[in-house]
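Letter by letter, the chains look like this.
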Amino acid sequence: MTFRPVLRAVLFDWDGTLLDSYHADSQAFLAMFRAMGVNWGLGELEQHYSPDWYAVYRAAKIPRERWDEADRVWRAYYEKHPSKLMAATRKVLAQLNQRHKLGLVSSGDRDRVSRQLREFQLTRMFRTRVLGGDTEEKKPHPAPLLKALREMKSAAQECVYVGDTPEDVEMARAAGVRAIAVLGPFPTEKRLRAAKPEILLDGLEELPALLGKLYGDGRTSRKG
């Protein structure tokens, strides 16, 4: 008899994976560039986009002493453009929550992501939420994902991480977690494919069937 591996936990990225926030994010960046005197448009942002926004600041040559100012401008404009959940988010989370522990690992600012989780009534869906600032290191460093695994008392080989950027794939690999990449609204497809993820989904709605195929129904794997 062939035994399938056990899947105890499914961990997710937030922006671009569960939340369609690209319009709000990109408009906030463009407004911030104007305020900082950076001659960048959408093309430059798409070329240099990273979930580590300080990588974008460095690429745009914003002086380090102005990063706090850039953060404030970005947040002010982000609030003017509401985001929405990806179409499949609620259905997918509801399905998987019956079978596995769920976790969230995002680079997004803790106050902002926590507020959005409350607004969408998703906070209690996740056993743990490791957000921006919870670890000194950012994606693609494995520290945020390793912190989540410790909090969930789950072994890396018994988990998967779902994200939409190459940094998500690199973080999962570095943590020893199986990476599942999914195409989302952010301009990351070219670099995501170049990262050669083991699994690349066209949309989040494909995830439950994939996990069922790889791990079975998993109904005994949610304990602990």
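Positions within a chain are numbered from 1, following the residues in the order the chain's sequence is written. Restriction of local features to residues with pLDDT of at least 70 applies here, the model being predicted, together with a cutoff of 80 or more for giving and counting side-chain atom pairs; totals for whole chains, interfaces and linings are based on all residues. Here the side-chain values reflect all heavy atoms present in the structure, with hydrogen atoms and water set aside.

Undergrad: It is not clear to me how unusual backbone geometry should be interpreted in this structure. Could you clarify?
TA: Phi is mostly negative for residues that are not glycine, and the peptide bonds are mostly trans. Looking along the chain, the bond that leaves Lys139 and enters Pro140 is cis, with omega of 10°. Numbering of helices and strands runs from the N terminus; a helix is a DSSP stretch of H or I covering at least four residues, while a strand is a stretch of E covering at least two. Relative to the helices and strands, Pro140 is located in the loop between strand 5 (128-132) and helix 7 (143-152). In the Ramachandran plot, Gln121 falls in the positive-phi region, its phi being about 55° despite a non-glycine side chain. Within the element layout of this structure, Gln121 appears in the loop between helix 6 (110-119) and strand 5. Phi at Lys153 takes a positive value of approximately 55°, unusual for a residue other than glycine. Looking at the element boundaries, Lys153 is found in the loop between helix 7 and strand 6 (159-163). Only protein chains enter the calculation, and the probe is 1.4 Å; a residue is then buried if its accessible area is under 20% of its type maximum, exposed if over 50%, and partly exposed in between. On the basis of relative accessibility, which here comes to 73%, the residue Lys153 falls in the exposed class.

Undergrad: Looking at this model, I keep getting lost on the packing of helix 5 (residues 89-97) against helix 10 (residues 207-215). Mind explaining?
TA: Packed helix pairs are specified by the crossing angle of their axes together with the interaxial distance, meaning the distance between the axes. Packing of helix 5 against helix 10 brings their axes to within 9 Å, and their N-to-C directions diverge by 25°. Considering their axes alone, helix 5 and helix 10 lie roughly parallel with respect to each other. The residues of helix 10 that touch helix 5, namely those facing Val92, Gln95 and Leu96, are Leu207, Pro208 and Leu211. Here an angle of 0 to 180 degrees is reported between the N-to-C directions of two axes, which are lines fitted to C-alpha atoms, with helices fitted over the stretch in contact. Angles are sorted into four bins: roughly parallel if under 35 degrees, roughly antiparallel if over 145, roughly perpendicular if 65 to 115, and oblique for all others. Note on contacts: a residue pair qualifies if any of its non-hydrogen atoms lie within 4.5 Å across the two residues.

Undergrad: Help me out: how do you make sense of the nonpolar core in this one?
TA: One broad trend across soluble globular proteins is that nonpolar side chains are buried collectively. In these notes, a set of buried Ala, Val, Leu, Ile, Met, Phe, Trp, Tyr and Cys residues joined through side-chain atoms within 4.5 Å is what counts as a nonpolar core. With 54 residues, the main nonpolar core has Phe12, Trp14, Phe29, Phe33, Tyr57 and Leu207 as its most contacted residues. The contacts of Phe29, once residues within four sequence positions are left out, are Leu45, Tyr49, Trp53, Val56, Tyr57 and Trp74. Grouped together as the second largest cluster of nonpolar side chains are 20 residues, Ala9, Leu145, Val169 and Ala181 included.

Undergrad: Quick question: what am I supposed to make of helix 7 here?
TA: Each turn of an α-helix holds 3.6 residues, which means side chains three or four residues apart point in the same direction. Taken together, the buried positions of helix 7 are occupied by Ala143, Pro144, Leu145, Ala148, Leu149 and Met152. Buried residues belonging to helix 7 abut strand 1 (9-12), strand 4 (101-109), strand 5, strand 6 and helix 8 (166-175). Just beyond helix 7, the residue with positive phi is Lys153, at close to 55°.

Undergrad: Can you help me understand the environment of Leu11 in this one?
TA: When you line up the elements, Leu11 lands in strand 1. Linking Leu11 and Ile180, residues 169 residues apart in sequence, is a C-alpha distance of 10 Å. The residues touching Leu11, leaving out its near neighbours within four places in the chain, are Gly103, Val105, Leu145, Ala148, Leu149, Met152, Cys159, Val160, Tyr161 and Val162.

Undergrad: What's the story with the side chain of Ser50 in this structure? I'm lost.
TA: Of note, Ser50 is situated in the loop between helix 2 (42-48) and helix 3 (53-59). Accessibility expressed as a relative area gives 8% for Ser50, which makes it buried. Among the polar contacts listed, one links the side chain of Ser50 to the side chain of Glu167, at a separation of 3.3 Å. Non-local contacts of Ser50, meaning those with residues more than four positions away in its chain, are made with Ala55, Val56 and Glu167. Any N or O atom pair separated by 3.5 Å or less is treated as a polar contact, with the protein-specific requirement of one donor-capable and one acceptor-capable atom, and with residues adjacent in sequence counted only for side-chain atom pairs.

Undergrad: Would you take a moment to explain the confidence of the model for the protein chain for this structure?
TA: The predicted coordinates of low-pLDDT regions are not to be read in fine detail. Of the residues in the protein chain, 95% reach a pLDDT of 70 or more, and the chain-wide mean stands at 93. Here residues 219-224 is a poorly scored stretch, pLDDT under 50, and it has 15 contacts once near neighbours within four places are set aside; other chains count. Scored from 0 to 100, pLDDT reflects the predictor's confidence in each residue.

Undergrad: What's the story with helix 4 (residues 67-78) in this structure? I'm lost.
TA: Under the convention used throughout, the expected extent of a helix is 1.5 Å for every residue step, that is, one less than its residue count. End to end, helix 4 covers 16 Å across twelve residues, agreeing with the expected 16 Å (1.5 Å per residue, within 8%). Taken residue by residue, helix 4 has Trp67, Ala70, Asp71, Val73, Trp74 and Tyr78 as its buried positions. Of the surrounding secondary structure, the elements contacted by the buried residues of helix 4 are strand 2 (19-20), helix 1 (22-36), helix 3 and helix 6.

Undergrad: Got a minute to help me understand the pattern of salt bridges in this structure?
TA: Two side chains bearing opposite charge may form a pair once their charged atoms approach each other closely. Each reported salt bridge corresponds to a side-chain nitrogen of Lys or Arg within 4 Å of a carboxyl oxygen of Asp or Glu. Within this structure, the stated rule accounts for 14 salt bridges. In this structure, Glu167 and Arg191 form a salt bridge, with 3.6 Å as the shortest nitrogen-oxygen distance. Of this pair, Glu167 sits in helix 8 while Arg191 sits in helix 9 (residues 189-194); the two residues are 24 residues apart in sequence, bridging distant segments of the chain. Judged by its relative accessible area of 29%, Arg191 falls in the partly exposed class. The partner of Glu189 in a salt bridge is Arg193, and the shortest N-O contact between them spans 2.9 Å. Of this pair, Glu189 and Arg193 both sit in helix 9, separated by four residues, roughly a single helical turn. The exposure class assigned to Glu189 is partly exposed, which follows from its relative accessible area of 39%. Under the relative-accessibility criterion, Arg193 is labelled partly exposed at 42%. Taken together, the salt bridges that share partners define one network made up of Asp13, Lys139 and Asp168.

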